[in-house]
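Residue-level structure breakdown
Each chain, written out:
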Amino acid sequence: MCFSSIDIIGERMSNDKLHVSEVVKLISKEVKGLWRKILFYVKSWFRDLLYEPIYIEELHKFLEKWRKEVLPELAYTKETFDCDDFGAYFKAWLTKESGKNCVGEALGVVHVPDVGDVAHEWNIVLARFPMGEVEVVHVEPQVGQAFITHTYDGWKYSLIWVLF
């Protein structure tokens, strides 16, 4: 993280960006349970001072592009290109495409029906909604689907820590 005091003062005047302390507070609400909260604060890594959320409509357009243009070129390969690689790739891709540092890698546990709990990586995005509020949106990069409710297609996501 490289910045000057002039950069910090200038950036704080922007209403569109969130200070890292606001981002930590917002994302920590997604973590359930005392031990997981402790792990979140100990293991999470926030690499920027200011974060710029993406408008939810814009996120949906990028997800459509991801599903149509990027996902067909990617293939899941156990241990070589699996969930953590999809998560890292999506983070880099959305940051480059949107020009906003609105996306992080989410690490935790997902409950898969008929399988049980497994370690998993997906993405979380800071999304600005029509009334101006910023919320954490979860994205499963392997299918290009966004969700807010911690569940998708029967899978239940439990966040433990993030790389943002």
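Data block above holds the structure.
Report on the accompanying structure. Being a predicted model, the structure only gives us computed values, none of them experimental.

**Here's the deal with the pattern of salt bridges**
According to the stated counting rule, one finds three salt bridges in the structure shown. Across the pair Lys100 and Glu58 runs a salt bridge whose closest N-O atoms are separated by 3.0 Å. With a gap of 42 residues between them, Lys100 in the loop between α5 (83-98) and β4 (103-112) and Glu58 in helix α4 (residues 56-70) connect regions that are remote in the sequence. Since its relative accessible area comes to 12%, Lys100 is described here as buried. Ionic pairing is found between Glu64 and Lys68, a salt bridge with its closest N-O pair at 3.0 Å. Taken together, the residues Glu64 and Lys68, both in helix α4 and four residues apart, mark about one turn of the helix. A relative accessible area of 38% means that Glu64 is categorised as partly exposed.

What counts and what doesn't
- Going along each chain's sequence as written, the residues are numbered from 1 onward.
- Note on the predicted model: pLDDT of at least 70 is required for a residue's local features to be given, and 80 or more for side-chain atom pairs to be given and counted; whole-chain, interface and lining totals, by contrast, use all residues.
- Side-chain measures were taken over the full set of non-hydrogen atoms in the model, leaving aside hydrogen atoms and water.
- Think of a salt bridge as a Lys or Arg side-chain nitrogen and an Asp or Glu carboxyl oxygen that are within 4 Å of each other.
- Put simply, DSSP H or I for four residues or longer makes a helix, DSSP E for two residues or longer makes a strand, and each gets a number counted from the N terminus.
- Buried residues are those whose accessible area, probed at 1.4 Å on protein chains only, stays under 20% of the maximum for their type, while exposed residues exceed 50% and partly exposed ones sit between those limits.

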